[in-house]
Amino acid sequence: MEAAAEVPAPPAALSCFSYNQDCTSLAIGTTTGYRLFSLSSVEQLDQVHESNEIPDVYIVERLFSSSLVVVVSHAKPQQMNVYHFKKGTEICNYSYSSNILSIRLNRQRLVVCLEESIYIHNIKDMKLLKTILDTPPNTTGLCALSINHTNSYLAYPGSATSGEIALYDGNSLKTACTIPAHDGPLAALTFNSTGSKLASASEKGTVIRVFSIPGGQKLYEFRRGMKRYVNISSLVFSMDSQFLCASSNTETVHIFKLEHLTDSRPEEPPTWSGYMGKMFQAATNYLPAQVSGMMNQDRAFATVRLNVSGQRNICALSTIQKLPRLLVTTSDGHLCIYNLDPQDGGECVLIKKHSLLGSGKMEENKENDLQPPLPQSYAATVARQSTVPSTSTMPGYSEDGGALRGEVIPEHEFATGPVCLDDENEFPPVSIRNP
C-alpha cells in the first residue's frame, strides 16, 4: 500500500538496477522487492511486473524479454532464486559458499560471480557445468558475458593488481586467452552484441580500450578525460556496435563512435590534411609509447551533462520508436531518455524523465494479450519445446563445486533444442495468477 501523500516518508530505496541483454527492459530492486519495466516507448514507462515477495533485493536480472528472472536478496545473499514471473512460480534456487556479487545471463549460460570463484550453469536445465576456483579477489563481482550464445565468452579480472583480463569460452568451457588491457586494476568490462569486441576501463577511468575477441588485439583507444580520475560505473555498446557509452561518478556521460578509419583510408591521401595526417601517423612509430598513445586516442563523439554528480548510474544505447536513444538510470530512482544524433553527435538532448519509484502503471498483460496459447513450461521460457513431455523427474541442479542440492524439476521442463528467445512474442501465457 502506498503511503499517504502528507506522510513525510521517503520512497523505497533503489538498491540495484539493470537493463536486460538487448536493452528492451529495465529491472530495479528495492527494499520491498523488485519491478520490471518495458522500454518500448519514450513517453510512457510500462511496468510489466512487480513482486514484493522478497525484500531487500540487490541483484535482479531478466533474460531478454522472457519470463525468466534471477533475484538475490540481502536476506539470503548466498542464494540465487530463479523465477518464472509470469506464472508466479520459482523454477529453482542455488546456494553458494559466499555472497553472490553479480549474475550474468545469455540464452545458453547463467554465470554467478563470487569474490574468488565463478560458477557457470547451463540455462536450459540450470545444471552446474563449471566452477572456476581461486580467481583473483574480485570484491565488486566484475565480469561480463557475451549476450550472443553462439559466441558465449566470459571476461573477468585476471589480476587484482593489474588490468589483465581473463577470457573464458563459455561454450567449450576452456580458457581462451589473457589480455593485458591496463596498468591498473579493472573497473568495467562489456562485450558488444556479437561477442566479437570487448571494451574495458581501469580504476583510473581515463582511458577506455576495445579489443578483438577472441584474439585480444587492441582495436580502439578512447580518452574519457585527463583532469581527474573517475569511477566508471557503466560501459556499454550500442546493439549495432557503432557506439560505446561510458558513465561514471561525474556529471558527464561520454559516447564514443567506433569508426573504421584505418580500413577506409586510401593509400595516397588526396588532400593536404590527409597528407599531414599520414605524416603524424608515421611519426608515432618514433615517439615514446605515452606520446604516440595520446595521438591515437579519440575524444567523445557525443556527451550528456547530468544534473548531479556522485550518484551511481547505468547507461544503455537503444533504439526506441525507430530512433537512437541514450538511457540513463540513476540511483535516486529516475530514468532519463536522451536523443542521440548518430551523424553529428554533440550534446544529447533530454526528452523525457521518468520516476521509477512511483505507483507505476501496470501493463502486465499487455505483452501477452495477442499471443496464442503456449505450453507453460520452463522450456518455453528459454526455448521452444521440441520434445514430448515426460512424467519422469531428475535433479534440477548439481552438487558439484559447492552448490547445494535443491528441488527436483520435472524432466519435461528442460529445453533440449537450441534456445530461441528472440522477442516478446515468446512469453508463456498467464492463466493462473497467485493472489
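Structural data are supplied above this passage.
Residues numbered from 1 in each chain as written. Predicted model: local features only at pLDDT ≥ 70, side-chain atom pairs only at ≥ 80, totals over all residues. Heavy atoms only, no water.

### Some points on the overall build of the protein chain
Here is step 1 of the chain: Check the secondary structure of the protein chain and you find four helices and 31 strands.
Here is step 2 of the chain: Evaluated residue by residue, the protein chain yields a buried proportion of 52% over its 435 residues.
Here is step 3 of the chain: Put simply, 49% of the contacts in the protein chain that link residues at least 6 apart link residues at least 24 apart.
Here is step 4 of the chain: Total accessible area on the protein chain is roughly 20300 Å²; 52% of this is exposed by carbon and sulfur atoms. (Helix = DSSP H or I, 4+ residues; strand = E, 2+ residues; numbered from the N terminus. Buried < 20%, exposed > 50% of the residue type's maximum accessible area, 1.4 Å probe, protein only. Contact = heavy atoms within 4.5 Å. Areas by Shrake-Rupley, 256 points an atom, 1.4 Å probe, with all protein chains shown as cover.)

### Remarks on the pairing of strand β4 (residues 46-51)
Here is step 1 of the chain: The element β4 is extensively covered by neighbouring structure, given that five of its six residues are classed as buried.
Here is step 2 of the chain: Sheet analysis places strand β3 (residues 34-38) next to β4, joined by five bridges and oriented antiparallel. In the strand pairing of β4, L36 is matched with H49. (Pairing = 2+ DSSP bridges.)

### Observations concerning the sheet that holds strand β7 (residues 76-84)
Here is step 1 of the chain: Overall, antiparallel pairing links the four strands, which are arranged β5-β6-β7-β8 in an open sheet. Whereas interior strands pair on both sides, the edge strands pair on one side only; in this sheet they are β5 (57-62) and β8 (89-95). Across the sheet, the mean angle separating the axes of adjacent strands is 20° when strand polarity is ignored.
Here is step 2 of the chain: Alignment of strand β6 (residues 68-73) against β7, held across five bridges, turns out to be antiparallel. Looking across to β7, one finds that S73 is bridged to K76. (Axes fitted to C-alpha atoms, helices over the stretch in contact; angles between N-to-C directions.)

### Here we look at the environment of V111
Here is step 1 of the chain: Locating V111 in the fold gives a position in strand β10 (residues 109-113).
Here is step 2 of the chain: What makes V111 buried here is its relative accessible area of 1%.
Here is step 3 of the chain: Sequence separation between V111 and K130 is 19 residues, and the spatial gap between their C-alpha atoms is 9.7 Å.
Here is step 4 of the chain: Each residue touching V111, except ones within four places of it in the same chain, is listed here: S102, I103, R104, I118, Y119, I120, L145 and L154.

### What to know about the state of the cysteines
Here is step 1 of the chain: If you walk through the whole model with that rule in mind, you get zero disulfides.
Here is step 2 of the chain: With no disulfide of its own, C315 lies closest to C245 among cysteine sulfurs, the gap being 4.2 Å. (Disulfide = S-S within 2.5 Å.)

### A short note on the pairing of strand β11 (residues 117-122)
Here is step 1 of the chain: Most of β11 sits out of view: six of its six residues are buried.
Here is step 2 of the chain: By the bridge criterion, five bridges tie β10 to β11 in an arrangement that is antiparallel. Following the sheet pairing, C113 is matched in β11 by I118.
Here is step 3 of the chain: Counting the residues between successive antiparallel strands, the hairpin from β10 to β11 contains three residues.
Here is step 4 of the chain: Pairing of β11 with strand β12 (residues 127-133) involves six bridges; the strand directions are antiparallel. If you follow N122 over to β12, its bridge partner there is K127.
Here is step 5 of the chain: Counting the residues that bridge the hairpin from β11 to β12 gives four residues, and of these M126 lies at a positive phi of roughly 65°.

### So, the sheet that holds β11
Here is step 1 of the chain: Taken in spatial order, the four strands line up as β9-β10-β11-β12 in an open sheet, and their pairing is antiparallel. At either end of the open sheet lies a strand with only one pairing partner, and these are β9 (102-105) and β12. In this sheet, adjacent strand axes meet at a mean angle of 15° when their direction is disregarded.

### Re the nonpolar core
Here is step 1 of the chain: By size, the foremost hydrophobic cluster in this structure holds 24 residues, and its most contacted members are M80, I100, I103, L110 and V112.
Here is step 2 of the chain: Of all the secondary structure elements, the ones that give two or more residues to this core are β5, β6, β7, β8, β9 and β10.
Here is step 3 of the chain: Sequence-distant contacts of V112, that is, excluding residues within four places in its chain, are made with M80, Y96, I100, S102, I103, S117, I118, Y119 and H121. (Core = buried A, V, L, I, M, F, W, Y, C linked by side-chain atoms within 4.5 Å.)

No statement about biological role is implied by the geometric values presented.
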